[in-house]
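Listed here are the chains, written in short residue letters.
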Amino acid sequence: IISYVVEGSLAHKDSTGTGSVLRRGDVQRMTAGHGVTHSEFNASQTEHVRFLQIWVHPEAQGLEPGYQEGHFGDDTKRGVLRLIVSRDGRDGSLSIHQDLNLYATLLEDGDTVRHPIASGRHVWLQVTKGRLVVGGIELVRGDGAALSDETGIVLEGRESAEVLVLDLA
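Residues numbered from 1 in each chain as written. Predicted model: local features only at pLDDT ≥ 70, side-chain atom pairs only at ≥ 80, totals over all residues. Heavy atoms only, no water.

Engineer: Can you walk me through the pairing of strand S10 (residues 100–107) in this structure?
Structural biologist: The side chains of a regular strand alternate, first on one face of the sheet and then on the other. Of all eight residues in S10, eight are buried, a share of seventy percent or more. On S10, burial covers both faces: Leu100, Leu102, Ala104 and Leu106 on one face and Asn101, Tyr103, Thr105 and Leu107 on the other are all buried. As defined by bridge partners, strand S8 (residues 82–86) adjoins S10 across four bridges and the pair is classed as antiparallel. The residue of S10 that forms the bridge with Leu83 is Tyr103. Two strands pair when backbone bridges link them, and S10 and strand S15 (residues 152–168) are joined in this way by eight bridges, in the antiparallel orientation. Bridging across to S15, Leu102 finds its partner in Leu166. (Buried < 20%, exposed > 50% of the residue type's maximum accessible area, 1.4 Å probe, protein only. Helix = DSSP H or I, 4+ residues; strand = E, 2+ residues; numbered from the N terminus. Pairing = 2+ DSSP bridges.)

Engineer: Honestly, the nonpolar core in this entry has me stumped. Any pointers?
Structural biologist: What tends to happen in soluble globular proteins is that the nonpolar side chains get buried as a cluster. Formed by 18 residues in total, the largest nonpolar core has its most connected members in Val123, Leu125, Leu132, Leu139, Ile153, Leu155 and Val165. Residue contacts for Ile153: discarding those within four places in its chain leaves Val113, Arg114, His115, Ile117, Val123, Leu125 and Leu147. Listed in part, the 15 residues of the second largest apolar core include Ile54, Val85, Ala104 and Leu166. (Core = buried A, V, L, I, M, F, W, Y, C linked by side-chain atoms within 4.5 Å. Contact = heavy atoms within 4.5 Å.)

Engineer: Would you take a moment to explain unusual backbone geometry for this structure?
Structural biologist: Excluding glycine, most residues fall at negative phi; most peptide bonds, likewise, are trans. The backbone phi angle of Asp91 is positive, close to 55°, even though this residue is not glycine. Within the secondary structure, Asp91 is located in the loop between S8 and strand S9 (94–95). On the basis of relative accessible area, Asp91 is assigned to the exposed category, the value being 60%. Phi at Ser160 takes a positive value of approximately 35°, unusual for a residue other than glycine. Within the secondary structure, Ser160 is located in strand S15. On the accessibility criterion, Ser160 (32% relative accessible area) is partly exposed.

Engineer: Is there a simple way to think about the sheet that holds strand S2 (residues 9–14) in this case?
Structural biologist: Through backbone hydrogen bonds, the strands of a sheet pair up, either in parallel or in antiparallel fashion. Spatially, S3-S2-S5 is the arrangement adopted by the three strands of the open sheet, whose pairing is antiparallel. Two strands bound the open sheet, and with one partner strand each, they are strand S3 (19–23) and strand S5 (38–42). Strand-to-strand twist across the sheet, computed as the mean angle between neighbouring axes with direction ignored, equals 20°. Bridging between S2 and S5 involves five bridges; their strand directions are antiparallel. Directly across from Lys13, in S5, lies its bridge partner Ser39. (Axes fitted to C-alpha atoms, helices over the stretch in contact; angles between N-to-C directions.)

Engineer: Explain the layout of surface pockets to me, please; I cannot follow it from the model alone.
Structural biologist: Vacant regions in the atomic arrangement are exposed by a probe of water-molecule size rolled over the atoms. Its volume calculated, the largest pocket comes out at about 300 Å³. In this structure, the largest pocket is lined by 17 residues; those nearest its centre are Ile1, Ala32, Val56, His57 and Pro58. Of the residues contributing to the lining of the largest pocket, the split by class is nine nonpolar, seven polar and one charged. (1 Å grid on protein atoms, 1.4 Å probe; cavity = no way out; pocket = protein on both sides within 12 Å on 5 of 7 lines; lining within 4 Å. Points joined across faces, edges and corners; volume = space filled by probe spheres on them. Nonpolar A, V, L, I, M, F, W, Y, C, P; charged D, E, K, R; others polar.)

Engineer: Hey, could you run me through the side chain of Asp26 in this one?
Structural biologist: Mapping Asp26 onto the fold places it in strand S4 (residues 26–31). The side chain of Asp26 sits in the buried core without any salt bridge; Arg23 is the nearest counter-charge, 5.5 Å away. There is a polar contact of 2.8 Å between the side chain of Asp26 and the backbone nitrogen of Arg23. Sequence-distant contacts of Asp26, that is, excluding residues within four places in its chain, are made with Ser3, Tyr4, Val5, Val21, Gly70 and His71. (Lys, Arg positive; Asp, Glu negative; His and termini not counted. Salt bridge = Lys/Arg side-chain N within 4 Å of Asp/Glu carboxyl O. Polar contact = N/O pair within 3.5 Å; in protein donor to acceptor, adjacent residues only side chain to side chain.)

Engineer: I tried to follow the pairing of S15 on my own but got confused; where do I start?
Structural biologist: The pairing of strand S11 (residues 112–116) with S15 spans five bridges and is classified as antiparallel. Looking at the pairing, Val113 lines up with Leu155 of S15. Two elements, strand S12 (residues 122–134) and S15, share 11 bridges in a ladder whose sense is antiparallel. Counted as the bridge partner of Val134 is Leu155 from S15.

Right, here's the structure in full:
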């Protein structure tokens, strides 16, 4: 389970005694393994929280419960695809028990990033804020797009866009 905080602060508690507060730029990977009861809730009484929670089937069953957290500030995502989750934890990303790469980017009007797509892989885009164009199609906050049988994509910023790019087998 990948939690990505877009704004505000998110409190996490679970049956293993683990608890933390995640803020903008923070990402948490939780392996539920053979069973964990958990909850997420707004950590603030005055501000709202907005986050994405992505559930991924692991490669194997019966994994031990586990956590990993990292901070990926806006400066590390501006105008580039910043790897935040991967199978092998390369480049400072969080590790996950699956063949996937999760990237985050922030694009201003006119910014462009390219992502090659290897044969047999698929991409899911999720727009968390702003506006951008992909393949001539405008996407806005809340939109998602699935791509298959492509060799690559170009993301063109239009209005302070924040986008997650999930590359998977």
